[in-house]
Amino acid sequence: MKILAIESSCDETSAAVLADGHILSNVIATQLIHEQYGGVVPELASRAHQQHILPVVERALSDANLPKNELSAIAFTRGPGLLGSLLVGTSFAKAMALGLNIPLIEVNHMQAHVLAHFIENPRPTFPFLCLTVSGGHTQIVRVDAALSMTVIGQTLDDAVGEAFDKSAKLLGLPYPGGPLIDKYAKEGNPLAFRFPMSEMPNLDFSFSGIKTAILYFLRDNTKTNPDFITQNLPDICASIQHTLVQMLLTKLKRAARETGIRNIAVAGGVSANSGLRTALTKLGQEQDWNVYIPRFEYCTDNAAMIAMAAQFKYEQGDFTAQTVSPLPRMSF
């Protein structure tokens, strides 16, 4: 089984090759053009995908030392994501599969984040809970089998990744701001400032309130001291990160208690945050959980996770017709 996988849901163009369960290559082209706009511009993202996709696929096949005529299937991200970006990857995958006369496999981007845990050891055992956190999604997923997942909690407004990036923008940090908050937080006191944590029913989240609280906090303090942010940046970042991480882990702890599941995983771009990784590891030790955290390169958007998800679908003969179209709001 040799699968070429393509990921193009947002602003990374990625291709990977998987052979019999092993990732042979994983190439990612990041789009730097969005930095000057403070966020991803959909039209520019889709144009960049058009420029990157052919060289990225060629590089992935070259790194894997695999001729394209030996491929068993082509996998691609169908959704969720930006329509224009998804359209580039979908169209390329359909054309290549048609030209090679091999099956086509559609993959749900968020399910792929969860299944990134099966790329390397240690792999979680079923059932497990996965806190899936990215720029556009915040979910607690119950995973009973590779292709059997249920969302048991999710954000009702903004995702935690958006809260990180928008907080960074309020601080005057360039895009993407989440990693910069993580960087400065390492030098600060997480208890220096207190921000309110939104309390939602059941296992759901809300991050719109804390963004507003941070906005008012910065506005009020810079009125009396125009240099407040510059003088307190590490402490502000550490306090913001601490609050957001605690909001995530409070719900995750409740989910583990209510389901009785002790295998706990984290996935998605925000799972690269060092504060979250450290706090989850510590909480896991306290709660006697089996905690699974992927390598950094498999946290952010990448085609290796698409390939791994596609392997499970290939084994079940779950293929896609050439009439398939992207689904920007694709659900589980």
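As shown above, the structure is provided for reference.
No experiment lies behind these values; they were computed from the predicted model shown.

Cut-offs applied
Residues take numbers from 1 onward in each chain, read along the sequence in its written order. Predicted model: local features are reported for residues with pLDDT of at least 70 only, side-chain atom pairs are reported and counted for 80 or more only, and whole-chain, interface and lining totals are derived from all residues. The side-chain quantities take in all heavy atoms of the structure and omit both hydrogens and water. Each helix is a run of DSSP H or I of at least 4 residues and each strand a run of E of at least 2, with the numbering of both proceeding from the N terminus. Here, expected helix span is obtained from the residue count minus one, scaled by 1.5 Å. The bend reported for a residue corresponds to the angle between axes fitted to the seven residues ending at that residue and the seven starting there. Buried, partly exposed and exposed residues are distinguished by accessible area as a fraction of the type maximum, computed with a 1.4 Å probe on protein chains only: under 20%, between the cut-offs, and over 50%, respectively. Contacts: residue pairs with any heavy atoms within 4.5 Å of one another. As used in this structure description, the phrase polar contact means that two N or O atoms lie within 3.5 Å; if the pair is within protein, one of them must be able to donate a hydrogen and the other to accept it, and residues adjacent in sequence are counted only when both atoms belong to side chains. Axes here mean lines fitted to C-alpha atoms, for a helix over just the part in contact, with angles spanning 0 to 180 degrees between N-to-C directions. Between 65 and 115 degrees an angle is taken as roughly perpendicular, under 35 as roughly parallel, over 145 as roughly antiparallel, and anywhere else as oblique. With the far helix as reference, a near helix turned anticlockwise by less than a right angle produces a left-handed crossing, and one turned clockwise produces a right-handed crossing. Amino acid classes used here: Ala, Val, Leu, Ile, Met, Phe, Trp, Tyr, Cys and Pro are nonpolar; Asp, Glu, Lys and Arg are charged; the rest, including Gly, are polar. Here, a strand pair is defined by DSSP locating no fewer than two bridges between the strands. What counts as a ring pair is set by centres within 6.5 Å for rings of Phe, Tyr and Trp (its six-membered ring), and what kind of pair is set by the plane angle: stacked under 30 degrees, edge-to-face over 60, tilted for all other angles.

### So, helix H7 (residues 228-259)
Logical step 1: The end-to-end C-alpha separation of H7 is 44 Å, in line with the 46 Å expected for 32 residues at 1.5 Å each.
Logical step 2: Within H7, the axis deviates most sharply at Pro234, by approximately 60°.
Logical step 3: Looking at the residues trailing H7, positive phi occurs at Gly260, about 75°.

### What about the environment of Thr155?
Logical step 1: If you trace the backbone, Thr155 turns up in the loop between strand E8 (148-154) and helix H4 (160-170).
Logical step 2: Judged by relative accessible area, Thr155 falls into the buried class, the value being 15%.
Logical step 3: For the pair Thr155 and Ser14, spaced 141 residues apart in sequence, the C-alpha separation works out to 27 Å.
Logical step 4: Ignoring any residue separated from it by four or fewer positions in sequence, one finds Thr155 in contact with Thr138, Phe205, Ser206 and Phe207.
Logical step 5: For Thr155, the side chain forms a polar contact with the main-chain nitrogen of Asp157, separated by 3.2 Å.
Logical step 6: A polar contact of 2.5 Å, which involves the side chain of Thr155, links it to the backbone oxygen of Asp158.

### A look at the packing of helix H5 (residues 178-185) against H7
Logical step 1: At a minimum axis distance of 7 Å, the contact between H5 and H7 shows a crossing angle of 115°. Taken together, H5 and H7 sit at an angle that is classed as roughly perpendicular. Like other packed secondary-structure pairs, H5 and H7 cross with a definite hand, here left-handed. Contact with H5, carried on its side by Ile181, Asp182, Tyr184 and Ala185, involves Leu233, Pro234, Cys237, Ala238 and Gln241 of H7 and no other residues of that element.
Logical step 2: Across the contact of H5 with H7, the residue classes tally to seven nonpolar, one polar and one charged.

### A few points about the sheet that holds strand E2 (residues 12-19)
Logical step 1: Spatially, the five strands line up as an open sheet ordered E3-E2-E1-E4-E5, and their pairing is mixed. Of all strands in the sheet, those with a lone pairing partner are strand E3 (22-30) and strand E5 (104-108), marking the two edges. Within this sheet the neighbouring strands show an average axis-to-axis angle of 20°, counted without direction.
Logical step 2: Across four bridges, strand E1 (residues 2-7) lies against strand E4 (residues 73-79) in parallel orientation. In the sheet register, Ile6 faces E4, and the bridge partner there is Phe76.
Logical step 3: Lying on the sheet, helix H2 (residues 83-100) is in contact with E1, E4 and E5; it crosses E4 at an angle near 160°.
Logical step 4: Docked against the sheet, helix H9 (residues 303-315) engages E1, E2, E3, E4 and E5, running at close to 130° with respect to E1.

### Remarks on the packing of aromatic side chains
Logical step 1: In total, this model carries ten aromatic pairs according to the counting rule given.
Logical step 2: Summarising the aromatic geometry, the rings of Phe193 and Phe228 are spaced 5.8 Å apart at their centres and angled 65° between planes, so their arrangement reads as edge-to-face. Taken together, the residues Phe193 in the loop between H5 and helix H6 (208-224) and Phe228 in helix H7 connect sequence positions 35 residues apart.
Logical step 3: On the basis of relative accessibility, which here comes to 17%, the residue Phe193 falls in the buried class.
Logical step 4: Residue classification places Phe228 among the buried residues on the basis of a relative accessible area of 8%.
Logical step 5: Ring geometry for Phe205 versus Phe207: centroids 5.9 Å apart, planes at 15°, classification stacked. In this structure, Phe205 and Phe207 share a single accessibility class: buried.
Logical step 6: One aromatic cluster is present, built from ring pairs that chain together Phe118, Phe126, Phe128 and Phe312.

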